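# Observations on the model geometry
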Amino acid sequence: MKAIVVGGGIGGLATAVSLRRVGWEVQVLERAAEFGEVGAGIGVMPNALRALEWMGVADEARRLGTSRVSGGIKASEGRWLAHLPEVGQEKIIAMHRADLHGVLLRALPPEILFNNVEVRSVQELDADLVVAADGINSRLRAELLPDAPGPVYAGATAWRGVAPGPFDLPISQTLGPGGEAGILPLADGRVCWYVSTVAPAHADLDPAELFAGWHEPIPTLMATTPDILRHDIYELPLLPTFVSGRVVLLGDAAHAMVPYMGQGACMALEDAVTLAAVDGDPARYDAARRPRAQAVWKASRMAGKFGIEVRSPLALAVRNFALRAMPGQVAVRGMTRFSAWQVPAMPR
Ligand SMILES: Cc1cc2nc3c(=O)[nH]c(=O)nc-3n(C[C@H](O)[C@H](O)[C@H](O)COP(=O)(O)OP(=O)(O)OC[C@H]3O[C@@H](n4cnc5c(N)ncnc54)[C@H](O)[C@@H]3O)c2cc1C
């Protein structure tokens, strides 16, 4: 059986690794001149780590990433609101996105990877299975589901970077008025960070000014980062299906979500492994993945309502009081509740 994967991001490469493991012949077509990833950090949650484990690349991911359990949620002035529980908690691996992409790329033979190939229509592709892993603005999705709405602006913008350090910091998320910040320490002392704020699309904003009053090291991380990336945040409204004939949508092409639970790429890894588990059967893939990915999509949106979208001093005080009053397990549930996912049984 032959599969063509359109898109060589984290989702597309993970799919190629997974399908090959259950015996498929795979080609990956990527429109960019090189296979690579930009961006900053990614938190590989325990569910995604199990997917990498089954793919046979988790050890390398652990070696390149940093595993921490210590950390939690802070308020913008620096006070801890909740701690990740130390006991019984699986680790989150903090990685640079390029490292995660590189781990997957090295698990594939170069002769199946084709760059500089922009797919315009599925009609061009001769395969038993086509995987549209072509991202949030998926051209294949627009072709297959012409009535489905495209991405919409989610009302917030984010900046991301990697500060050279060295720093020794716990993993943390900080919630403040109309914004949030995240810190993901890497093994070599560098720190991946992001900040995001509620704002109109394309608003002309200076993140250093917006986050100047937030606790250290957030201003220092921003000030010492040579290249800061800006992303307006878009989401894809829920789709009625992830499949059409012999084509399946995967990763952001199927379920691009707001990043407030850090599960977007983790879902793409789950999608990839599940597609292998159903041996490329589109109907079973849709049945297994759509409820799960759309539940995480909805929870990510809800996390935004209780996080970045809380702006008034009274609402902030109530939210922060509630977080501090809850047992740690409950307070960080937003970060951990989808982590229990297990790799499905594989075909013989
Ligand atoms: C600010 C922000 C923070 C985030 N933080 C996290 C986090 O901490 N944890 C997490 O799990 N997720 C996070 N995410 C989400 C994560 O970035 C995405 O879910 C993930 O990268 C999607 O991977 P993908 O492979 O589906 O798509 P993409 O990475 O978009 O890859 C699509 C690929 O397809 C190629 N392509 C597109 N069209 C064509 C075509 N016609 N022909 C050939 N190739 C094509 C593109 O060049 C690209 O390489 C975050 C997202 C944002 C915006």
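Overview of the structure. All of these numbers come straight from a predicted model, not from anything done at the bench.

## Things to note about the overall build of the chain
Looking only at helices and strands, one finds 13 helices and 16 strands in the chain. Taken over C-alpha atoms, the radius of gyration comes to 20 Å for the chain, in line with the 20 Å a tight globule of 348 residues would show. Referenced to the eigenvectors of the C-alpha coordinate spread, the extents of the chain come out at roughly 55 × 40 × 35 Å. Among the 348 residues that make up the chain, the fraction classed as buried is 55%.

## Quick look at helix α11 (residues 313–325)
The end-to-end C-alpha separation of α11 is 18 Å, in line with the 18 Å expected for 13 residues at 1.5 Å each. Of all the positions in α11, only L316, R319, N320 and L323 are classed as buried. Along the long axis of α11, the arc covered by the buried residues comes to 95°, so they all point the same way. The outward face of α11, more than 90 degrees from its buried face, is lined by the exposed residues L314, V318, F321 and A325.

## Topic: the side chain of K74
By the secondary structure assignment, K74 is in strand β5 (residues 71–75). Buried and unpaired, K74 has E216 as its nearest opposite-charge partner, separated by 10 Å. Here K74 is in contact with R79, W80, L81, Q173, T174, L175 and H215, once residues within four sequence places are set aside.

## Concerning the state of the cysteines
What the rule picks out here adds up to zero disulfides. Left unpaired, C192 is separated from the closest cysteine sulfur, that of C266, by 14 Å.

## Re the site of the ligand
Neighbouring the ligand are 29 residues, the closest being G11, E30, R97, D252 and A265. Contact between the ligand and I10: an oxygen atom at 3.4 Å from a main-chain N or O atom of the residue. Between the ligand and C266 there is a distance of 3.1 Å, counted from an oxygen atom to a backbone nitrogen or oxygen. For the ligand, whose accessible area on its own is 1000 Å², the fraction buried by protein is 85%. For the shell around the ligand, the secondary structure elements donating two or more residues are α1 (10–21), β3 (41–44), β10 (152–163) and α9 (264–277).

## Section: unusual backbone geometry
The omega angle of the peptide bond from G165 to P166 is 5°, so this bond is cis rather than trans. By the element assignment, P166 lies in the loop between β10 and β11 (171–176). At the junction of E216 and P217, the peptide bond is cis and its omega measures out at 10° in the coordinates. For P217, the location among the structural elements is in the loop between α6 (207–210) and α7 (218–223). Even without a glycine there, the phi angle at N116 is positive, about 60°. Within the secondary structure, N116 sits in the loop between β8 (113–114) and β9 (129–132). If you check the backbone angles, H202 has positive phi at about 60° while not being a glycine.

## Some points on the packing of α1 against α9
Put simply, α1 and α9 touch, their axes get as near as 8 Å, and they point 25° apart. Here α1 is positioned roughly parallel relative to α9, judged by the angle of their axes. Helix-helix and strand crossings are classified by hand; for α1 and α9 the assignment is right-handed. Only A265, A268, L269, A272, V273, L275 and A276 of α9 make contact with α1, whose side of the interface consists of I10, G11, A14, T15, S18 and L19.

## Observations regarding the packing of α9 against helix α10 (residues 282–306)
One can describe the packing of α9 onto α10 by two numbers: an axis separation of 9 Å at closest approach and a directional angle of 165°. Between α9 and α10, the interaxial angle falls into the category roughly antiparallel. In the packing of α9 onto α10, the handedness of the crossing is right-handed. On the side of α9, the interface is formed by M267, E270, D271, T274, L275 and A277, while α10 contributes R284, Y285, A288, R289, R292, A293 and V296. When grouped by side-chain class, the residues that make up the contact of α9 with α10 number seven nonpolar, one polar and five charged.

## Quick notes on the sheet that holds β11
Across a sheet, paired strands are connected by hydrogen bonds in the backbone, their directions being either parallel or antiparallel. An order of β6-β5-β11-β12-β13-β10-β14 is seen for the seven strands of this open sheet, with the pairing classed as mixed. The open sheet is flanked by β6 (80–83) and β14 (229–235), the only strands paired with a single partner. Direction aside, neighbouring strands of the sheet carry axes that sit 20° apart on average. When β10 meets strand β13 (residues 191–198), the two strands line up antiparallel, connected through eight bridges. Within β13, the position partnered with W159 by the bridge is V195.

Rules used in this analysis
Residues numbered from 1 in each chain as written. Predicted model: local features only at pLDDT ≥ 70, side-chain atom pairs only at ≥ 80, totals over all residues. Heavy atoms only, no water. Helix = DSSP H or I, 4+ residues; strand = E, 2+ residues; numbered from the N terminus. Rg over C-alpha atoms; globule rule 2.2 N^0.38 Å. Buried < 20%, exposed > 50% of the residue type's maximum accessible area, 1.4 Å probe, protein only. Expected span 1.5 Å × (residues − 1). Arc of directions from axis to C-beta. Lys, Arg positive; Asp, Glu negative; His and termini not counted. Salt bridge = Lys/Arg side-chain N within 4 Å of Asp/Glu carboxyl O. Contact = heavy atoms within 4.5 Å. Disulfide = S-S within 2.5 Å. Near = heavy atom within 4 Å. Polar contact = N/O pair within 3.5 Å; in protein donor to acceptor, adjacent residues only side chain to side chain. Areas by Shrake-Rupley, 256 points an atom, 1.4 Å probe, with all protein chains shown as cover. Axes fitted to C-alpha atoms, helices over the stretch in contact; angles between N-to-C directions. Parallel < 35°, antiparallel > 145°, perpendicular 65-115°, else oblique. Left-handed = near helix turned anticlockwise from the far one by under 90°. Nonpolar A, V, L, I, M, F, W, Y, C, P; charged D, E, K, R; others polar. Pairing = 2+ DSSP bridges.

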